[in-house]
Amino acid sequence: QVQLVESGGGLAQPGGSLRLSCAASRIIFSSLRMDWYRQAPGKQRELVATFTNGGGTNYADSVKGRFTISRDNAKNTLYLQMNSLKPEDTAVYYCHGLSLITTRVYWGQGTQVTVSS
C-alpha cells in the first residue's frame, strides 16, 4: 500500500515560517508527480504548489514569493517551505501524488497549519 505521510505542520505566528514534508513509501518516488494542496475551513481544497512539465514550479497567486516547493527523490520526500506566513494560510495541507505509470492518485492524511498570534 502506497503511503504519503505529511509532517511539519503546527502553530506559527504571522510572519513566521514552517517547512512541511511529505514522505512516500512503497512506490518509486520519481514516478510520482507531486503537488501540495490545502483546505481551509469552509472552503474547497485548492492547489498551492506544483511542478511544471519543464521542471519549473507554479504557485497559487496567494502564496507566490512566499512558498517554495521542492523534492528530494533520493529521500522519497516532497517539501513545502512556507515563509512570511499569514493568518489566511491557516488550513490543512495535503500532499498529492499522481503516478506517471498507472495514473493512480494518492493523498496524504494532511497536516494542520495554523497561523495566529
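Here, the structure is the one placed above.
Structural notes, computed from the coordinates. Everything numeric in this text was worked out from a predicted model, so none of it was measured. In this convention, every chain numbers its residues from 1, walking through the sequence in written order. Given that this is a predicted model, residues contribute local features only at a pLDDT of at least 70 and side-chain atom pairs are listed and counted only at 80 or more, while totals for whole chains, interfaces and linings are drawn from all residues. Excluded from the side-chain calculation are hydrogens and water; included are all heavy atoms of the structure.

### A short note on the pattern of salt bridges
For side chains bearing opposite charge, pairing can occur when the charged atoms are close.
For step 1, the next point in the chain: Salt bridges are defined by distance alone: a side-chain nitrogen of Lys or Arg within 4 Å of a carboxyl oxygen of Asp or Glu. Tallied over the entire structure, the rule returns four salt bridges.
For step 2, the next point in the chain: With a closest N to O distance of 3.1 Å, lysine 64 and aspartate 61 form a salt bridge.
For step 3, the next point in the chain: Accessible area is worked out with a 1.4 Å probe on protein chains only. A residue is then buried under 20% of its type maximum, exposed over 50%, and partly exposed in between. The class of aspartate 61 is exposed, set by a relative accessible area of 65%.
For step 4, the next point in the chain: Taken together, the salt bridges that share partners define one network made up of Arg38, Glu46, Arg66 and Asp89.

### Here's the deal with the pairing of strand 8 (residues 77–82)
For step 1, the next point in the chain: A run of DSSP states H or I qualifies as a helix once it reaches four residues; a run of E qualifies as a strand once it reaches two. Both are numbered from the N-terminal end. Counting buried residues along strand 8, five of its six residues qualify, which places the element largely inside the surrounding structure.
For step 2, the next point in the chain: When DSSP finds at least two bridges between two strands, those strands are taken to pair. As paired strands, strand 3 (residues 18–25) and strand 8 are joined by six bridges and run antiparallel to one another. By the bridge assignment, arginine 19 is partnered in strand 8 with glutamine 81.
For step 3, the next point in the chain: Here strand 7 (residues 67–72) pairs with strand 8 via six bridges, running antiparallel. Residue pairing for strand 8: aspartate 72 is matched across the bridge by threonine 77.
For step 4, the next point in the chain: Counting the residues in the hairpin turn of strand 7 and strand 8 gives four residues, including asparagine 76, whose phi is positive at 55 degrees.

### Some thoughts on the sheet that holds strand 7
Sheets are built from strands that pair by backbone hydrogen bonding, the pairs being arranged parallel or antiparallel.
For step 1, the next point in the chain: The sheet built from four strands is open, its strands ordered 1-3-8-7 with antiparallel pairing. A strand with exactly one partner marks an edge of an open sheet, and here the two such strands are strand 1 (3–7) and strand 7. Strand-to-strand, the axes of this sheet are offset by a mean angle of 15 degrees, without reference to chain direction. To obtain an axis, a line is fitted to C-alpha atoms, over the contacting stretch when the element is a helix, and the angle between two such axes runs from 0 to 180 degrees between their N-to-C directions.

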